[in-house]
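In case you want the letters, here they are:
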Amino acid sequence: MPQHAEKTAIVSIQKVVKEYHLDKVVVPALRGVSLTVRQGDFLSIVGPSGSGKTTLLNLIGCVDTATRGTVMVDGQDTKGLNDRQLTDLRLHTLGFIFQSFNLVPVLSVFQNVEFPLLLQRKFTAAERAQRVDELLKKVGLDKHTQHRPSELSGGQRQRVAIARALVTRPKIVLADEPTANLDSVTGENIIDLMKEMNEEEKTTFIFSTHDAKVMSHANSVIRLADGKIAAGKAAAGRH
Amino acid sequence: MKHWLEGVSQLFLIAFRNLLTHSRRSLLLGGAIAGVTTLLVFLGCLSSGVKATMIESATTVATGHLNIGGFYKVTAGQSAPLVTDYKKIEEIIAKTLPDLDYLTARGRGWARLVSATDSTQVGIAGVDIAHEPRLPKVIKMEEGKLEDLAKPGSILLFESLAQKLKVKTGDSLVFSVLTDRGVNNTVDVRVCGVAKDMGMMTSFNVFIPQETLNQLYQINDSATGAILVYLKNMNHIPRDMDLLRKALTGAGYTVMDREADKVFWQKFDEVNREEWTGQKLDITTWEDEISWAMWGLKGVDGLSYLLTTILLVIIAVGIMNTLWIAIRERTREIGTLRAIGMRRRAVLTMFVMEAFCLGAMGTATGALLGSLLAVILDTLHFPMPPGAEMFLMSTTFHFALDPIRILGGASIITLCCTLVSLIPSFKAARMRPITAMSRVG
């Protein structure tokens, strides 16, 4: 891809193998996957259940480590990092969007979005409020700042999750089936919103999905099957 | 620091709101913590009340805050609990103690008191009522006049003893005693007044004039049983005890080594076995003088600590169990928070805070309830069952609020609640974020 060649590689995966041990049985989840994701990509990972999509996202998200092979995130080999360094990498470089939203139920919309900034301990209350308000406005939830997650619809909750993922201005946002629990219209709106953020903030988005409509929004699509890349990186239809 | 505080306050908010969210569980466990604290505070107030009664009763009837007593031996094997030429010692005390309130000399005796219908063994305090400023303040007369105790041959007793001997003001009684010279002696006395009871000690102690006591025991006026020293601040007792020991030793007196928790009459055997003759002084505290009666107080304290410990263990299991449930329910939340960048220590803090909040709210409620219950019961003056009177040295239940003891007890329970939460909280903190991620794949 000529336009990709000009961009910096933000994620680089080389011959990654991931095996899980269930009692004495070794279950291979990834079998030698190599992949490069460049800054600003809007990448979709597709494949049937059990193909290794979530495992791949977990490795990129530094919440799991590869059995063999190299996972480089923002220039750092994740295998050489200790728990604290991995936590810091997740806090400052990565943003997460989950299928089930995973908001803190006892915090308000505002507090949920603000939480990663509190963990970063870099910003004053006024700076945090400004950033949270801006993002909530962008995702259309500026009227719901004091609501609890249980008072919101599924689509609204996922918007909160997107705002939370973006509030630290991460280089990469990982979304594991972000539309799976939403109806098709809401799901498409969420993908449009992510795309908009990708274009405005130049944030790299990597998301897994089953949904053909959703994957059609991606710049690139990776197809996984049985823990291997079945089809190479390809430009998606609409863009 | 400011960022750290903001982060911690957010963790506190999460912990607090989680407690509110699971209100039934929190109420049950918080209620149990409050119950244990109520019990501890209530028993603590009873213990403090008993102690206050004992102090008031003992320092009125039998002892000063400090006492300079001693033994006088004419021969090696025969001792009398006397201080000879006591006026000189009084002068040394007055010069030595900076926070002396007052001092007074009292004779001490133990004799049979015989009425027309009954007789009993009583402890005798021989007093000079003109030099006893404390007595008119604390003794409440049922009948007769306290001042009449100045008259030779008078006796003041307390209502329970008066009832036992079936006497009232103006009636005659006879003291019968074996003197230190080894002869039987009797003295007639007349009841000058009957005072209200002040704990169990007053049911077997009486006051008579010093000279009547001297007459009973056939001793001269320059000798007394002990010099009772009252201080402005009881907290200075250990310091003042040392000052007195040094001053008296410096003035040439022989001062006996301290034997804590031993009253003077428990020392006779040991003193009689020793070879010396003449005068030895003995400095004791009020606690030493009533140590023989402290077992009731220690029993209440022991019972409250035992009960609290057992109940605390049950609560500890409850807290751990509740936190295990909370952690299992919130596994995804923990994983999510770890995934978005929360450190292990913060996860630990979050769950420990939950236990701390529960413990603090439970103990605060319990301390309030226990104190309230104690105050209400104290005003009702519940009579003590006859069996417990001797045990607790009082005829009615008296409860006293001791803020340090209440705060200490509540703090210890809160600390225990917080400490036991560390085990499940460590487990939560060690959880890998993959746990949450794997739930959504």
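Note that the structure is a prediction, hence the values are computed from the model and not measured.

Description of the overall build of chain B
Moving on, step 1. Each helix and strand in chain B was counted, giving 16 helices and 13 strands.
Moving on, step 2. The C-alpha radius of gyration computed for chain B amounts to 30 Å, which surpasses the reference 22 Å derived for 441 residues by more than 25%, pointing to a less compact arrangement than a globule.
Moving on, step 3. For the C-alpha atoms alone, the extent of chain B along its principal axes is close to 100 × 50 × 35 Å.
Moving on, step 4. Taken across its 441 residues, chain B has 53% of its residues classed as buried.

Things to note about the domain arrangement of chain B
Moving on, step 1. Assigned domains of chain B: these are domain 1 (2-56 + 293-438) and domain 2 (65-289).
Moving on, step 2. For domain 1 of chain B versus domain 2 of chain B, the distance between C-alpha centres works out to 47 Å.

Notes on the environment of Ala52(B)
Moving on, step 1. Structurally, Ala52(B) is set in helix α2 (residues 23-61).
Moving on, step 2. Taking the C-alpha atoms as reference, Ala52(B) lies 8.8 Å from Phe399(B); in sequence the two are 347 residues apart.

A few points about helix α2 (residues 53-60) of chain A
Think of an α-helix as 3.6 residues a turn; residues three or four steps apart then line up on the same face.
All names here are of chain A.
Moving on, step 1. Judged by how many residues are buried, α2 sits mostly within the fold: eight of eight residues are covered.
Moving on, step 2. Every buried residue of α2 is listed here: Lys-53, Thr-54, Thr-55, Leu-56, Leu-57, Asn-58, Leu-59 and Ile-60.
Moving on, step 3. At the C-terminal side of α2, Cys-62 shows a positive phi close to 60°.

A short note on helix α6 (residues 210-217) of chain B
Residues and elements named next belong to chain B.
Moving on, step 1. Most of α6 sits inside the fold, with six of its eight residues counted as buried.
Moving on, step 2. Within the span of α6, buried status applies to Gln-210, Thr-212, Leu-213, Asn-214, Leu-216 and Tyr-217.
Moving on, step 3. Looking at the packing, one finds that the buried side of α6 touches β4 (100-114), β5 (119-127), β8 (172-178), β9 (184-195), β10 (205-209) and β11 (223-224).
Moving on, step 4. Just beyond α6, the residue with positive phi is Gln-218, at close to 60°.

Topic: the sheet that holds strand β5 (residues 76-77) of chain A
Residues and elements named next belong to chain A.
Moving on, step 1. Judged by pairing direction, the sheet is antiparallel, and its four strands sit side by side in the order β2-β1-β4-β5 without closing on themselves. Sheet topology places β2 (25-38) and β5 at the edges, where each strand pairs with a single neighbour.
Moving on, step 2. With 11 bridges joining them, strand β1 (residues 9-22) and β2 adopt antiparallel strand pairing. Of the residues in β2, the one forming a bridge with Leu-22 is Val-25.
Moving on, step 3. Here α2 sits on the sheet in contact with β1, β2 and β4 (68-73), set at roughly 120° to β1.

Thoughts on the interface of chain A and chain B
Moving on, step 1. With 36 residues of chain A at the interface, the matching set in chain B holds 29 residues.
Moving on, step 2. For the pair chain A and chain B, the two sides together bury roughly 3100 Å², of which 58% comes from carbon and sulfur.
Moving on, step 3. Three residues, Val106(A), Phe115(A) and Arg121(A), lead the burial of chain A against chain B; their summed loss comes to 18% of the area buried on that side.
Moving on, step 4. Counting the contacts that link chain A with chain B gives five salt bridges.
Moving on, step 5. Between Arg338(B) and Asp83(A) there is a salt bridge, with its nearest N and O atoms 2.9 Å apart.
Moving on, step 6. At the junction of chain A with chain B, the criterion picks out 10 residue pairs in polar contact (both at pLDDT 80 or more).
Moving on, step 7. Those elements giving two or more residues to the side of chain A that touches chain B turn out to be α2, α3 (83-93), α4 (109-120) and α5 (125-138) of chain A.

Definitions and cut-offs
Residues numbered from 1 in each chain as written. Chains lettered and ligands numbered in written order. Predicted model: local features only at pLDDT ≥ 70, side-chain atom pairs only at ≥ 80, totals over all residues. Heavy atoms only, no water. Helix = DSSP H or I, 4+ residues; strand = E, 2+ residues; numbered from the N terminus. Rg over C-alpha atoms; globule rule 2.2 N^0.38 Å. Buried < 20%, exposed > 50% of the residue type's maximum accessible area, 1.4 Å probe, protein only. Domains from an automatic or database assignment. Contact = heavy atoms within 4.5 Å. Pairing = 2+ DSSP bridges. Axes fitted to C-alpha atoms, helices over the stretch in contact; angles between N-to-C directions. Buried area = accessible area lost by both parts, 1.4 Å probe. Salt bridge = Lys/Arg side-chain N within 4 Å of Asp/Glu carboxyl O. Polar contact = N/O pair within 3.5 Å; in protein donor to acceptor, adjacent residues only side chain to side chain.

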